[in-house]
Amino acid sequence: MLNKFPSFIDAHVHLREPGATHKEDFYTGSRAAIAGGFTYILDMPNNPTPTVSLERLQEKIALSKKALCEVGFHYGTNGKNMDTFESIKNNPRVFGLKLYCNHTTGEMLIEDKKILNAVFKAWNSPKPILLHAEGNELAIAIELGRMNNKKIHVCHISQSYEVEMVRQAKKKGQMITAGVTPHHLFMTEKDREKMKGYATMKPPLGSIKDREVLWKGLIEGTIDIVETDHAPHTKEEKEKDPPAYGVPGLETAVGLLFKAVKEKRIKVGDVVKWLYENPKNIFKIPQGADTYIELDPEKPYRIGESGYETKCGWSPFDGWEAYGKVESVVIEGRKIMENHKILN
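To start, this report covers the structure provided alongside it. (Residues numbered from 1 in each chain as written. Predicted model: local features only at pLDDT ≥ 70, side-chain atom pairs only at ≥ 80, totals over all residues. Heavy atoms only, no water.)

### Here's the deal with the overall build of the chain
Helix and strand content of the chain: 12 helices and 15 strands. The principal-axis extent of the C-alpha atoms belonging to the chain is close to 55 × 45 × 45 Å. For the chain, contacts bridging at least 24 residues in sequence account for 72% of all contacts bridging at least 6. The chain carries 49 positive and 46 negative side-chain charges, and their two centres are separated by 3 Å. (Helix = DSSP H or I, 4+ residues; strand = E, 2+ residues; numbered from the N terminus. Contact = heavy atoms within 4.5 Å. Lys, Arg positive; Asp, Glu negative; His and termini not counted. Charge placed at Lys NZ, Arg CZ, Asp CG, Glu CD.)

### Quick look at the sheet that holds strand β10 (residues 292–295)
On the basis of which strands lie adjacent, the open sheet formed by five strands has the order β1-β10-β13-β14-β15 and antiparallel pairing. Looking at the sheet topology across the chains shown, the edges are occupied by β1 (3–6) and β15 (341–342). Inspection of the sheet shows β1 paired to β10 by four bridges, in the antiparallel sense. Bridge pairing in β10 places Pro6 opposite Tyr292. (Pairing = 2+ DSSP bridges.)

### Description of the packing of helix α11 (residues 253–262) against helix α12 (residues 268–283)
The contact between α11 and α12 brings their axes to 9 Å, and the two run at 150°. As judged from the angle between their axes, α11 and α12 are roughly antiparallel. Classified by chirality, the crossing of α12 by α11 is right-handed. On the side of α11, the interface is formed by Val254, Leu257, Phe258 and Val261, while α12 contributes Val268, Val271 and Leu275. Counted by class, the contact of α11 with α12 contains seven nonpolar, no polar and no charged residues. (Axes fitted to C-alpha atoms, helices over the stretch in contact; angles between N-to-C directions. Parallel < 35°, antiparallel > 145°, perpendicular 65-115°, else oblique. Left-handed = near helix turned anticlockwise from the far one by under 90°. Nonpolar A, V, L, I, M, F, W, Y, C, P; charged D, E, K, R; others polar.)

### Thoughts on the sheet that holds strand β6 (residues 129–132)
As summarised here, the arrangement of the eight strands in space is β2-β3-β4-β5-β6-β7-β8-β9, forming an open sheet in which the pairing is parallel. Both edges of this open sheet fall to β2 (8–13) and β9 (225–226), since each of them pairs with a single strand only. In terms of strand pairing, β6 meets strand β7 (residues 152–154) through three bridges, oriented parallel. Across the sheet, Leu130 pairs through a bridge with His153, a residue of β7. Strands β3 (38–43), β4 (70–76) and β5 (94–100) of the sheet are contacted by helix α2 (residues 54–63), whose axis makes an angle of about 165° with β4.

### Points about the nonpolar core
One broad trend across soluble globular proteins is that nonpolar side chains are buried collectively. Ranked by size, the top nonpolar core spans 102 residues in total, and within it Phe8, Phe38, Ile41, Leu99, Leu131, Trp215 and Phe283 carry the most contacts. When sequence neighbours within four positions are dropped, the list of residues in contact with Ile41 reads Asp10, Val13, Leu15, Ala33, Cys69, Glu70, Val71, Gly72 and Leu250. (Core = buried A, V, L, I, M, F, W, Y, C linked by side-chain atoms within 4.5 Å. Buried < 20%, exposed > 50% of the residue type's maximum accessible area, 1.4 Å probe, protein only.)

### Details of the side chain of Gln174
In this structure, Gln174 sits in the loop between α6 (160–171) and β8 (176–180). Among the polar contacts made by the side chain of Gln174, one reaches the main-chain carbonyl oxygen of Ile142 at a distance of 2.7 Å. (Polar contact = N/O pair within 3.5 Å; in protein donor to acceptor, adjacent residues only side chain to side chain.)

So this is what it looks like as structure tokens:
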């Protein structure tokens, strides 16, 4: 039986445009989002030419007009663009500032603590600072957030000790939230050993214990949202040595979480909380009541059995059993998907 849900929000995607449209763009990425039940997605700034200026942001906004769903953006910093923060912070298409404290795709790494502190001081906005940070770098960033009284969001948390860091910061009353990806919730380093490049991402997959702690942290509220970190690459790029980092995730997150519901590990309300209520509140997403999705949470399906909308055309979860394939999607009263088929 079809159930109606508020359409979901993904606060962490990489749609690859501009600069890498051979593996995704705003049109194909938005189709993947809709197929997966997401109608509001927030794009990250670490493109080949990163989004660290008003001009680059305006370029992205213009390019995103081809998207079939709502797209917002996280602004980026390389530590050299703090003079632009004032003109960016109130832009209604910007939902946060992304800070890279560890190596990842793109030239946006900041390791100098003095520069990091200057960035925290300069970001005079209630919108959160999003952290790509692990280990000691995460500890430093959390402390800088506390010192500067800034709202921070820890992206793609993956290790048990990171969950404890966030837990302790929350206990102290710090303004901190965290997200976890489906691949860190459902896979481990053993999958990386079997799948090689196709299960390679940053941060890497952890141990079985890490996965257990992530689930516990999510259920108890230490971790606030599920974010896909949708990061598509071509099969050729994943089969190189070394492989490109990242996996697609927009089309599989909902089905995997409803599989966990079916297994009685979580409740339907948890899915709504992690994919809609919490991201909406954390990032102040302006999504109305006339936007919703319909699916049957009891109905099983195989991931990939109908192909993929993402341009990269694969998933690390290919062949996995999932539940609740999205049947229809309505955006602001306009039906955009019906009987599993996107109408545009």
